[in-house]
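Geometric and topological summary
Here's the letter readout for the chains.
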Amino acid sequence: MRVVLATGNLGKLREFAELLGPAGLEFEPLSAFGVESPEETGLTFADNALLKARHAAARTGLAAMADDSGLEVDALGGAPGVRSARYAAAPGSDASPGDAANVDKLLRELQGVAPARRTARFRCAIVLLRSADDPAPLLGEGCWEGRILEAPRGRGGFGYDPVFEDAASGRSAAELASAEKHARSHRGAALRAVLAQLRAAVR
Ligand code: IMP
């Protein structure tokens, strides 16, 4: 099945193709169709993944897959959540402020919060639609438990990786090799959940 992936991020495209290629999915990025991404107005990760997938399917006439992800910090009442990419943006602005500004803001907001109270998790929702009006989308969700460090550690990854400590290994997400990260991460878990549903659907 030819599937348009509602992202311009080639790293994500590679990750999705590695895991779902063997199940018969052939991905093309939405950017290859010259289509802009929609505004992410949903209240939940699943809402945003669904609206991005529906937009991609409607604009291309193909099956579409989209993901939405973010960081949930307990001491901040679940923030930055669905606003993770725009956390440090000026109010009313939807422009991405960049990873460094987002991480700085997070560390500032958590200044003085004790290590035991810095618990957090990454969440990811992935939606697969056969068409824009598919009444039964596949939805896979995953989460990854950890803690927010007091200062960045490690050079790999992206986004909040240098300040997110994996609960299982005690290493920051930026200190994990990419295969290790996929095996533990919210996105890996959500992809595997979609894969399990795809396999069940063709049985
Ligand atoms: P989106 O799902 O591409 O909209 O990403 C949401 C934002 O959440 C990203 O810009 C990152 O700031 C953050 N995020 C999501 N997944 C990860 C991850 O695996 N590592 C670090 N940051 C992440």
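Residues numbered from 1 in each chain as written. Predicted model: local features only at pLDDT ≥ 70, side-chain atom pairs only at ≥ 80, totals over all residues. Heavy atoms only, no water.

As a further point, take the pairing of strand β2 (residues 26-29). On β2, burial follows the alternation: F27 and P29 on one face are buried, whereas E26 and E28 on the facing-out side are not. Pairing of strand β1 (residues 2-5) with β2, which is carried by 4 bridges, proceeds in the parallel orientation. If you follow V3 over to β2, its bridge partner there is F27. Note that the unit made of β1, helix α1 (residues 10-20) and β2 has a crossover that is right-handed. (Buried < 20%, exposed > 50% of the residue type's maximum accessible area, 1.4 Å probe, protein only. Helix = DSSP H or I, 4+ residues; strand = E, 2+ residues; numbered from the N terminus. Pairing = 2+ DSSP bridges. Right-handed = clockwise from strand over helix to strand, strands pointing away.)

Here the focus is the packing of aromatic side chains. One pass over the full model with this rule turns up 4 aromatic pairs. Judged by centre distance (4.5 Å) and plane angle (45 degrees), the ring pair of F122 and F164 falls under tilted. In this pair, F122 sits in strand β4 (residues 119-129) while F164 sits in strand β6 (residues 164-166), placing the two residues 42 residues apart along the sequence. Both residues of the pair, F122 and F164, belong to the buried class. Within the aromatic cluster, the residues linked to one another by ring pairs are F122, W144 and F164. Its guanidinium or amino end placed over the ring of Y87, K105 lies 4.4 Å from that ring's centre, counting from NZ or CZ. (Phe/Tyr/Trp six-rings, centres within 6.5 Å; stacked < 30°, edge-to-face > 60°. Lys NZ or Arg CZ within 6 Å of the ring centre and 35° of its normal.)

Below, the discussion takes up the site of the ligand. Around the ligand lies a shell of 14 residues, among which K12, S69, D161, K181 and R187 are the nearest. For the ligand, a nitrogen atom lies 2.6 Å from a polar atom in the side chain of D161. Separating a nitrogen atom of the ligand from a side-chain N or O atom of H186 is a distance of 3.0 Å. Relative to its free-state accessible area of 490 Å², the ligand is covered by the protein chains to the extent of 88%. The set of elements that each furnish at least two residues to the shell around the ligand consists of β3 (63-73) and α5 (186-202). Counted by class, the shell around the ligand contains 4 nonpolar, 5 polar and 5 charged residues. (Near = heavy atom within 4 Å. Polar contact = N/O pair within 3.5 Å; in protein donor to acceptor, adjacent residues only side chain to side chain. Areas by Shrake-Rupley, 256 points an atom, 1.4 Å probe, with all protein chains shown as cover. Nonpolar A, V, L, I, M, F, W, Y, C, P; charged D, E, K, R; others polar.)

What follows covers the pattern of salt bridges. A complete count under the given rule lists 17 salt bridges for this structure. Ionic pairing is found between E145 and R121, a salt bridge with its closest N-O pair at 2.9 Å. Residue E145 is located in strand β5 (residues 138-148), and its partner R121 is located in strand β4; the two are separated by 24 residues in the primary sequence. By sharing partners, the salt bridges in this structure join E72, D74, R121, R123 and E145 into a single network. (Salt bridge = Lys/Arg side-chain N within 4 Å of Asp/Glu carboxyl O.)

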